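# Structural overview for review
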Amino acid sequence: MNKIREKKQLSETVFLMRVEAPLIARERKAGQFIILQLCEDFGERIPLTIADADPAAGTITLIFQAVGKTTKKLALMNAGEKIAALVGPLGTPTHIENFGTVVCVGGGIGVAPLHPIAQAMKAAGNKVIIIMGARNRELLILENEMRAIADELIICTDDGSVGRKCLVTEPLKELCEQDPKPDLAVAIGPPVMMKFCAETTRPYSVPTQVSLNTIMVDGTGMCGGCRVTVGDETKFVCVDGPEFDGHLVDFDNMINRLSSYKKQEAHSCKIGLEGDSQ
Amino acid sequence: MTHLSPEQLAQAAIRTLEKTSETLTPKERMAIPAQEMPTQDPAERRSNMNEVALGYSPEQARAEALRCLQCKTAPCIAGCPVGIDIPGFIQAIADGDNKKAIDIIKIDSLLPAVCGRVCPQETQCQAPCTVGKVLKSVDKAVNIGRLERYVADWERENRLIEIPAIKPDTGKKVGIIGTGPAGLTVAADIRREGHDVTLFEAFHKPGGVMVYGIPEFRLPKAIVQQEIDALTAMGCELKTNFVIGRTRKIQDLLDEDGFDALFIGTGAGLPRFMNIEGENLVGVYSANEYLTRSNLMRAYDKQRADTPIFDSEKVAVLGGGNVAMDAARTAVRLGAKEVHLIYRRTEVEMPARVEEVHHAKEEGVIFHMLENPKRILSDEKGWVNGIECLRYELGEPDDSGRRRPIAIEGSEFEIDLDTVIVAIGNDSNPLIRQTTPGLETNKWGNIVADENGKSSIDRIYAGGDIVLGAATVILAMGEGRKAAAAMNEMLANI
Ligand SMILES: Cc1cc2nc3c(=O)[nH]c(=O)nc-3n(C[C@H](O)[C@H](O)[C@H](O)COP(=O)(O)OP(=O)(O)OC[C@H]3O[C@@H](n4cnc5c(N)ncnc54)[C@H](O)[C@@H]3O)c2cc1C
Ligand SMILES: Cc1cc2nc3c(=O)[nH]c(=O)nc-3n(C[C@H](O)[C@H](O)[C@H](O)COP(=O)(O)OP(=O)(O)OC[C@H]3O[C@@H](n4cnc5c(N)ncnc54)[C@H](O)[C@@H]3O)c2cc1C
Ligand code: SF4
Ligand code: SF4
Ligand code: FES
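Residues numbered from 1 in each chain as written. Chains lettered and ligands numbered in written order. Predicted model: local features only at pLDDT ≥ 70, side-chain atom pairs only at ≥ 80, totals over all residues. Heavy atoms only, no water.

Our focus in this paragraph is the UniProt feature "domain: Dihydroprymidine dehydrogenase" (unreviewed entry) in chain B. Mapped onto this numbering, the UniProt entry gives "domain: Dihydroprymidine dehydrogenase" (unreviewed entry) at residues 46-159 of chain B. For residues 46-159 of chain B, the end-to-end C-alpha separation is 31 Å, with 53% helix and 0% strand making up the annotated structure. (UniProt positions renumbered as here; feature names shortened; annotations may be inferred. Helix = DSSP H or I, 4+ residues; strand = E, 2+ residues; numbered from the N terminus.)

Here we come to the domain arrangement of chain B. Residue and element names in this part refer to chain B. Parsing chain B into structural domains produces domain 1 (6-157), domain 2 (173-269 + 428-492) and domain 3 (272-426). Computed from C-alpha atoms alone, the centre-to-centre distance between domain 1 and domain 3 is 32 Å. The partner domain 3 presents 16 residues to the 14 residues of domain 1 that form the contact. For the pair domain 1 and domain 3, the two sides together bury roughly 1200 Å², of which 48% comes from carbon and sulfur. It is R45, R46 and M49 that lose the most area in domain 1 upon contact with domain 3, and together they represent 50% of the buried surface on that side. Across the domain 1-domain 3 interface, the total number found is 3 salt bridges. In this structure, R146 and E355 form a salt bridge, with 3.6 Å as the shortest nitrogen-oxygen distance. (Domains from an automatic or database assignment. Contact = heavy atoms within 4.5 Å. Buried area = accessible area lost by both parts, 1.4 Å probe. Salt bridge = Lys/Arg side-chain N within 4 Å of Asp/Glu carboxyl O.)

Residues and elements named next belong to chain A. With numbering matched to this structure, UniProt assigns "binding site: FAD" (unreviewed entry) to I63, F64 and Q65. By the element assignment, F64 lies in strand β6 (residues 59-65). The contact partners of F64, leaving out residues within four places of it in the chain, are T13, V14, F15, M17, L48, T71, L74, A75 and I109. By secondary structure assignment, the location of Q65 is in strand β6. By relative accessible area, which is 28% here, Q65 ends up partly exposed. When near neighbours in sequence (up to four residues on either side) are disregarded, Q65 contacts T13, V14, T71 and I109. (Buried < 20%, exposed > 50% of the residue type's maximum accessible area, 1.4 Å probe, protein only.)

This part takes up the site of ligand 1. Residue and element names in this part refer to chain A. Around ligand 1, the structure places 21 residues, and the nearest of them are E44, P47, I63, Q65 and T71. Residue T49 places a side-chain N or O atom 2.9 Å away from a nitrogen atom belonging to ligand 1. N213 places a main-chain nitrogen or oxygen 3.0 Å from a nitrogen atom of ligand 1. Taking 860 Å² as the accessible area of ligand 1 by itself, protein coverage stands at 85%. Contributions of two or more residues to the shell around ligand 1 are made by β4 (46-49), β6 and α2 (69-75). The element contributing the most residues to the shell around ligand 1 is β4, with 4 residues. (Near = heavy atom within 4 Å. Polar contact = N/O pair within 3.5 Å; in protein donor to acceptor, adjacent residues only side chain to side chain. Areas by Shrake-Rupley, 256 points an atom, 1.4 Å probe, with all protein chains shown as cover.)

This is the structure we're talking about:
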């Protein structure tokens, strides 16, 4: 049981929670995630990135978008209530070193998992350029936090309500065309966005890391449900990842696998909205 | 074969007992018919998760016990990996003393209700049984496992299970990683000596494969839970949602958290795939994932569970072991109209328990022997819509002594499907190995341990599937007992 210490609503569908988890707060590194469950008998296990941690206070920060059954139920919980099960830190931490110039690209909720990585890249001495994208001003999260880290911050929205009116791939391409070009790109967001970021950097041979958000069950390498094709190999996102070389990931297959339970989820979402499941 | 109801089987046993005299000659004993296990009607059980085998009636148990010849040499004992005094406990059942029977079993086995259900008896204790030999069929051997289950269930149902006596506190602390049969056994044996015991489990529920892999219809979860409850009643501490190697590392437990010794029983939880085309399509599962979704996450209970599972119409299960049978029979229960089990050798070579194969056939699983998939086919959206297979024939024996299957060129054919479940085995999970410098493993990634279960690092022991490779519940338990004995001795001397 892990107590929620603090809850904040960041946008219409995005929430921040600070949760008690002293051992995880102490061990976690940038790029790692947890799996949580709201009921140990019938609840589903969902992965969320550790967006931040405070080892002294014994808390970790989760930032999530209410998209389906479990995240919507979680969004209804409040400070003081307890999450039934929370396990981690899972996954292989991000490889952090001084690469030189690192472009961090975050789309939508992807800005949350990007934050600890940008922070660690900065701490390792990199020049950090951050590109943040969202559909509109309302949906933009962690702007201040990212501004505090970035040597340069570029904001893009689909409707131009703040920053440039374009997709994140546009400034990314401009940066790749500069001389010297960036030494590394890190892209986290919806799979389609990551796919196009990887396509953007490919002609310039800028190494591009992506963080994959496949469907998971155990998160320890036991089930293979999270597997993706990377190059010619099958990899398990929960233990081999979540980060991979974006130029090698078969995004189309991954996007397909994410839709495995569309039918069942559409049904359970409605149940959630009728509010009979709390 | 027509299905006989439990009542019919119980009545038959009563009639048999009426005909038997007080003193039986060996010939008369062997004339007593082997008692069939009462089961749920196949037509009914196809659509429920309840246990299939219902257990002997008291009369059946007595009739079966009377079949035992009480052989002086007792070859059956040598067939049991933990050496239970089989004639001893069977005699007690014949004498009507169930309490004595279960006490005899418990000298050597801590999980009789589980092993009585899932042991591959036909290759272990029942294989060398004299009765089976004389009657020229292992199927006619004394049904030792069923009798073991009978007394274990009798003890539980009559609430006679006692918490073992615990010796005074020693102040020493032992950590046990993994709560499968190996870990649970070690916990009980070490706690009894008065040591402090903490169990760590990665999942939210303890029990290992007994809970996430083996389905309810073969091993009810309540039976495993009772073993866990006994451990907590003994004062063992249980930490679920705790991944060793991630939440804490082995070295931290020893150096910082004050553990005097550790036992690693993390099982063989890394699914193998076949590396054929189409294996990552939507609709392809590992058996581990399929079974975990259904069992542990209870996806079969569609009304209540949040975890989804495919609504499959036509399923292929690839493999021929217990895992494959469990996956196939689960698919039947989840509503699949056709379930094909595809195995590249013949039924004789199939490693699954005979009883499981028999039950799967009764439930309508379609067996394809000497066939093997070449690639998995999909529609234009990347969803499975079929499988292409090759026919095989048996050639010369290979290293394992089994005749090697050889593909028949040009024999390709297709089956229409929407789901494929890969059940070709498990390797060991690398997490502990990768995070514990100095821990020796072999080329398959299994932890190397000596005959006492001691690993290459002092104070760290290991046992069960993580040492043996994917094996059995009884072997995991047996290894656990050996390791616990060595650990208790080591702890007494520090
Ligand atoms: C390593 C990792 C880290 C993650 N970190 C975060 C995070 O920090 N914040 C956050 O909001 N989300 C994160 N996700 C995604 C998050 O796990 C899913 O949004 C969540 O599982 C959805 O569960 P649900 O029951 O609410 O929705 P469901 O009812 O299961 O699904 C609702 C909709 O979301 C889609 N969906 C389902 N699973 C995923 C998924 N894994 N990724 C994307 N879409 C999905 C479905 O196709 C469906 O359309 C992460 C995923 C992974 C694998
Ligand atoms: C589907 C299926 C059917 C089977 N049927 C039979 C049968 O009929 N008869 C039979 O005898 N055997 C059967 N087996 C085999 C049998 O279940 C195993 O041999 C036995 O369970 C092994 O026991 P164990 O204690 O070594 O490990 P497991 O039962 O595998 O338990 C290991 C536990 O350790 C946990 N763990 C792993 N890593 C970590 C970590 N880093 N930190 C914390 N916890 C961790 C796991 O979550 C798990 O709970 C079957 C196996 C499967 C998969
Ligand atoms: S534990 Fe298994 S092998 Fe041993 S007697 Fe019981 S059923 Fe037979
Ligand atoms: S071998 Fe068979 S008949 Fe002989 S003692 Fe063992 S169980 Fe009884
Ligand atoms: S989530 Fe099960 S192996 Fe990755």
